[in-house]
Amino acid sequence: MEAAAIIFYLISAFILGTGILAVTTRKIFRSAIWLLFSLVGIAAMYFWLQVEFIAAVQIIVYVGGIVVLIIFSIFLTQQSGKEMAKPVTRRSLFGALAVVFGLALIYSIIAQYGFAEQATRPFGVTVDAIGTQMLSTTDHGFILPFEVVSMLLLASMIGCIVIAMKNRNTNDPEQQGPAGAKLMIHADFTSTQTDKEA
Amino acid sequence: MQILRQPKQTRRPDMNSIPLTHILFVSTALFCIGMYGLFTRRNMITMLMSIELMLNSVNINFVAFNKYLWPEKLEGIFFTLFIITIAAAEAAIAIAIIINLYRSHNSIDVEDATELKY
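How each quantity is defined
Residues numbered from 1 in each chain as written. Chains lettered and ligands numbered in written order. Predicted model: local features only at pLDDT ≥ 70, side-chain atom pairs only at ≥ 80, totals over all residues. Helix = DSSP H or I, 4+ residues; strand = E, 2+ residues; numbered from the N terminus. Buried ≥ 20, exposed ≤ 12 C-beta atoms within 10 Å, placed from the backbone. Contact = placed C-beta atoms within 7 Å. Core = buried A, V, L, I, M, F, W, Y, C linked by C-beta atoms within 7 Å. Nonpolar A, V, L, I, M, F, W, Y, C, P; charged D, E, K, R; others polar. Axes fitted to C-alpha atoms, helices over the stretch in contact; angles between N-to-C directions. Parallel < 35°, antiparallel > 145°, perpendicular 65-115°, else oblique. Domains from an automatic or database assignment. Expected span 1.5 Å × (residues − 1). pLDDT = per-residue confidence, 0-100.

Colleague: It is not clear to me how the overall build of chain A should be interpreted in this structure. Could you clarify?
Modeller: Within chain A one finds 7 helices and 0 strands. Each helix and strand of chain A, placed in order from N terminus to C terminus, yields the pattern α-α-α-α-α-α-α. Per-residue burial over chain A gives 18% buried out of 198 residues. A sequence separation of at least 24 residues applies to 50% of the contacts in chain A between residues at least 6 apart.

Colleague: Any chance you could explain the nonpolar core here in plain terms?
Modeller: If you look at soluble globular proteins, the nonpolar side chains tend to sit buried side by side. By size, the foremost hydrophobic cluster in this structure holds 60 residues, and its most contacted members are Ile 45 and Val 63 of chain B. Elements supplying a minimum of two residues to this core: α1 (3-24), α2 (28-48) and α3 (52-77) of chain A together with α2 (20-40), α3 (44-68) and α4 (75-105) of chain B. Setting aside anything within four residues of it in sequence, one finds Val 63 of chain B in contact with Tyr 46, Leu 49, Val 51 and Ile 54 of chain A together with Gly 76, Ile 77 and Thr 80 of chain B.

Colleague: Could you clarify how one ought to interpret the interface of chain A and chain B in this entry?
Modeller: Each partner contributes residues to the interface: chain A has 74 residues there, and chain B has 63 residues. Looking at the side of chain A that touches chain B, the elements that each hand over two or more residues are α1, α2, α3, α4 (89-113), α5 (127-134) and α6 (143-164) of chain A. Taken together, the residues of the side of chain A that touches chain B break down into 53 nonpolar, 17 polar and 4 charged.

Colleague: Which parts of the structure should I look at to understand the packing of α3 of chain A against α4 of chain B?
Modeller: A packed helix pair is summarised by two numbers, namely the angle formed by the two axes and the spacing between the axes. α4 of chain B packs onto α3 of chain A with a crossing angle of 5 degrees between their chain directions and a minimal axis gap of 11 Å. By the angle class used here, α3 of chain A and α4 of chain B are roughly parallel. Here Ile 54, Val 57, Gln 58, Val 61, Gly 65, Ile 66, Leu 69, Ser 73, Leu 76 and Thr 77 of chain A of α3 of chain A come into contact with α4 of chain B, specifically with Ile 77, Thr 80, Leu 81, Ile 84, Ala 88, Ala 91, Ala 92, Ile 95, Ile 98, Ile 99 and Tyr 102 of chain B. Among the residues making up the contact of α3 of chain A with α4 of chain B, the classes are represented as 16 nonpolar, 5 polar and no charged.

Colleague: Quick question: what am I supposed to make of the domain arrangement of chain A here?
Modeller: Annotation of chain A at the domain level lists domain 1 (1-83) and domain 2 (126-163). Between the C-alpha centres of domain 1 of chain A and domain 2 of chain A the distance comes to 25 Å.

Colleague: Help me out: how do you make sense of the environment of Glu 111 of chain B in this one?
Modeller: All names here are of chain B. Checked against the element boundaries, Glu 111 lands in the segment after α4. Here Glu 111 falls in the exposed class, since 7 other C-beta atoms lie within 10 Å of it. For the pair Glu 111 and Leu 74, spaced 37 residues apart in the sequence, the C-alpha separation amounts to 43 Å.

Colleague: Looking at this structure, I do not really get α2 of chain B. What am I missing?
Modeller: In an α-helix there are 3.6 residues to a turn, and that puts residues three or four apart on one side. In a regular helix each residue adds 1.5 Å, so 21 residues correspond to 30 Å; α2 of chain B covers 31 Å between its end C-alpha atoms and thus fits that length. The buried count for α2 of chain B comes to 16 of 21 residues, which makes it a mostly enclosed element.

Colleague: Please clarify how the confidence of the model for chain B should be interpreted in this entry.
Modeller: In low-pLDDT segments, the atomic positions of the prediction should not be examined closely. All names here are of chain B. Considering every residue of chain B, the mean pLDDT works out to 84; 85% of them sit at 70 or more. Within the model, the stretch residues 1-13 combines pLDDT values under 50 with 4 contacts to residues more than four positions away or in other chains. For this predicted complex, the interface score ipTM comes out at 0.84, while the overall pTM is 0.82.

Colleague: Sorry if this is basic, but what is going on with unusual backbone geometry here?
Modeller: Glycine aside, residues mostly have negative phi angles, and peptide bonds mostly take the trans form. Even without being a glycine, Gln 50 of chain A presents a positive backbone phi close to 65 degrees. Structurally, Gln 50 of chain A can be placed in the loop between α2 and α3. Assessed through the 18 C-beta atoms surrounding it within 10 Å, Gln 50 of chain A is described here as partly exposed. For Asn 106 of chain B, which is not a glycine, the phi torsion comes out positive at approximately 60 degrees. Take Asn 106 of chain B: it is sitting in the segment after α4.

Given below as structure tokens:
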């Protein structure tokens, strides 16, 4: 077996092992860290497939962006040291059964189809080829999806701000602060007075 | 420019000793792991993580098909790039919704959000 094949199987075992740990561990912060390892393994798989640009994008967007966002939201919403509730046995049993049968079905289809055993032609993807085709307006150019996806990113950015914005109190918060403070002083004063009287 | 780049291309080691079906099997297994996580977990953040795993397995599939079957084209690469972009937007929106749900319900378990159930 060549070194490239051994590296491929090592990367695959790493991805699948950390993926299984990410969906089965019961501490949510550890789950996020295992997901991080799995995404790094997928970036390594892209390096193995000789698409270095996609590997760089994977590391920047997923490892640098999405996992950090997930960890922030864990800190905002959970006690991260606490263990999550154990999944119901029946649910995890039937989930595992469905997954195993689905895997067997898809794998039998893949094995029967008879893909070409090996890549015959060389595959070299350069960044300038990607950039040229991404922004070209000719027949196989991707300028329209590029613009549409940029509008989608803008819309999702605005949508995130609108959804996660804290809803201010409806009955005039500027008035409430001093009024509450005055009331408290008054209450304090009366309490001291009653204390004195007592 | 092309002449200068040509020797670099040929010097690369040939890593095509793995058949395509093995890569497809890895990505299928990763998809099924994500599906298992989506079935069993009830916490919204962990369900989002499972969805990310499934999207990544699809990306591996696109790149592998592009490399093995149509190596002179770049369409699989572009699909992968756009899927990564849309997944980032989806994760950001999902986390905004999760934080908003946590503010109103004090919990991000999907069993607790039952206002629309009946």
